[in-house]
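So the chains spell out like this:
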Amino acid sequence: MRVLIVEDEPFMAEAIRDGLRLEAIAADIAGDGDTALELLDVNSYDIAVLDRDIPGPSGDEIARSIVASGSGMPILMLTAADRLDDKASGFGLGADDYLTKPFDLRELVLRLRALDRRRAHARPPVREVAGLRVDPFRREVHRDGRYVALTRKQFAVLEVLVAAEGGVVSAEELLERAWDENADPFTNAVRITVSALRKRLGEPWIIATVPGVGYRIDTAPGSAGSARDGRGRG
């Protein structure tokens, strides 16, 4: 999951970003409305977390822009405006959820995961493919009934691959979806993480490397072709 945090208080924004990263949620920060609109224009986000009172275009204007785009991106308003009228106007603008400050980070994480589940209502909350069972809400992975312990980043990468339903996901897309805008595009973090994830999941290799293209979940692991792809470096 990748989230845009629109918050003009730097310490608050950084604390939220760092806390979300610990939950395997990639997050970018926009300190004003203009930056928020620019990031929304060039990046793909799963959820927008908006403070209403920010420099430049307000959080309300950002919400209107998201709704008008037709993207269906969920909006969570995170603001000190806690009167019922404030909440009513926020929902009237198209907000999907509303959390008032001060708040507990754990509650924000739970609300974001709930919004992500609703956004993906066409997909089952628990995804199963080729013996893998991935539960995004509980952050649990089982393979053929065996629990697989993963790091936060490994889980985030696996989520993206499983969501592709056997399609190829490029290293660039993995970097964009499982990391954030500060990730070095020339880093080998994706290759290292995929390699470690493949080993954690065990044989027969279920993550295949498509040379020069990216990675995919092999829906028929164990075949000669898939074994060859799976052992590819990275």
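Here is a short report on the structure shown in this document.

The rules behind these values
Residues numbered from 1 in each chain as written. Predicted model: local features only at pLDDT ≥ 70, side-chain atom pairs only at ≥ 80, totals over all residues. Heavy atoms only, no water. Axes fitted to C-alpha atoms, helices over the stretch in contact; angles between N-to-C directions. Helix = DSSP H or I, 4+ residues; strand = E, 2+ residues; numbered from the N terminus. Left-handed = near helix turned anticlockwise from the far one by under 90°. Contact = heavy atoms within 4.5 Å. Nonpolar A, V, L, I, M, F, W, Y, C, P; charged D, E, K, R; others polar. Phe/Tyr/Trp six-rings, centres within 6.5 Å; stacked < 30°, edge-to-face > 60°. Buried < 20%, exposed > 50% of the residue type's maximum accessible area, 1.4 Å probe, protein only. Pairing = 2+ DSSP bridges. 1 Å grid on protein atoms, 1.4 Å probe; cavity = no way out; pocket = protein on both sides within 12 Å on 5 of 7 lines; lining within 4 Å. Points joined across faces, edges and corners; volume = space filled by probe spheres on them.

### Considerations on the packing of helix α1 (residues 10-21) against helix α5 (residues 105-119)
Thinking step 1. Across the interface, α1 lies against α5 with an axial gap of 10 Å and an inter-helix angle of 65°. Considering only the axes of α1 and α5, their crossing is right-handed. On α5, the residues that touch Ile-16, Gly-19 and Leu-20 of α1 are Leu-105, Leu-108, Val-109 and Leu-112.
Thinking step 2. Counted by class, the contact of α1 with α5 contains six nonpolar, one polar and no charged residues.

### Section: the packing of aromatic side chains
Thinking step 1. Summed over all chains, the structure comprises one aromatic pair.
Thinking step 2. Consider the rings of Phe-91 and Tyr-98, whose centres lie 6.2 Å apart with planes at 45°: the pair is tilted.
Thinking step 3. Taking the relative accessible area as the measure of exposure, Phe-91 reaches 41% and is therefore partly exposed.

### As for the pairing of strand β2 (residues 26-30)
Thinking step 1. In terms of burial, β2 is largely enclosed, as four of its five residues are buried.
Thinking step 2. Sheet analysis places strand β1 (residues 2-6) next to β2, joined by five bridges and oriented parallel. Paired with Val-6 across the bridge in β2 is Ala-30.

### Things to note about the layout of surface pockets
Thinking step 1. Roughly 260 Å³ of volume is contained in the largest pocket.
Thinking step 2. Lining the largest pocket are 15 residues, and of these Arg-119, Glu-159, Val-160, Ala-163 and Arg-177 lie nearest its centre.
Thinking step 3. Of all the elements in the fold, those that place two or more residues in the lining of the largest pocket are α5, α6 (152-163) and α7 (171-178).
Thinking step 4. Ranked by residue count, the leading element in the lining of the largest pocket is α6, at four residues.
Thinking step 5. Across the lining of the largest pocket, the residue classes break down as six nonpolar, no polar and nine charged.

### A few points about the sheet that holds strand β6 (residues 127-129)
Thinking step 1. Pairing within the open sheet is antiparallel, and its four strands lie in the order β6-β7-β8-β9. A single partner strand is all that each edge strand has here, and the edge strands are β6 and β9 (146-148). Looking at each pair of strands side by side, their axes are set apart by 25° on average, direction ignored.
Thinking step 2. Where strand β7 (residues 132-135) lies against strand β8 (residues 140-143), four bridges are found, and the strand directions are antiparallel. Bridge pairing links Leu-132 to Arg-143 in β8.
Thinking step 3. In the packing of α6 onto the sheet, contacts are made with β6, β7 and β8, and the angle to β7 comes to roughly 115°.
Thinking step 4. Sitting on the sheet, helix α8 (residues 189-201) is in contact with β7, β8 and β9, with an inclination near 160° to β9.

### Observations regarding unusual backbone geometry
Thinking step 1. With an omega of -5°, the peptide bond between Lys-101 and Pro-102 qualifies as cis.
Thinking step 2. In this structure, Pro-102 sits in the loop between β5 (97-100) and α5.
Thinking step 3. Between Glu-203 and the following residue, Pro-204, the backbone shows a cis peptide bond with an omega angle of -10°.
Thinking step 4. When you line up the elements, Pro-204 lands in the loop between α8 and β10 (207-210).
Thinking step 5. Despite not being glycine, Ala-24 shows a phi value in the positive range, around 65°.

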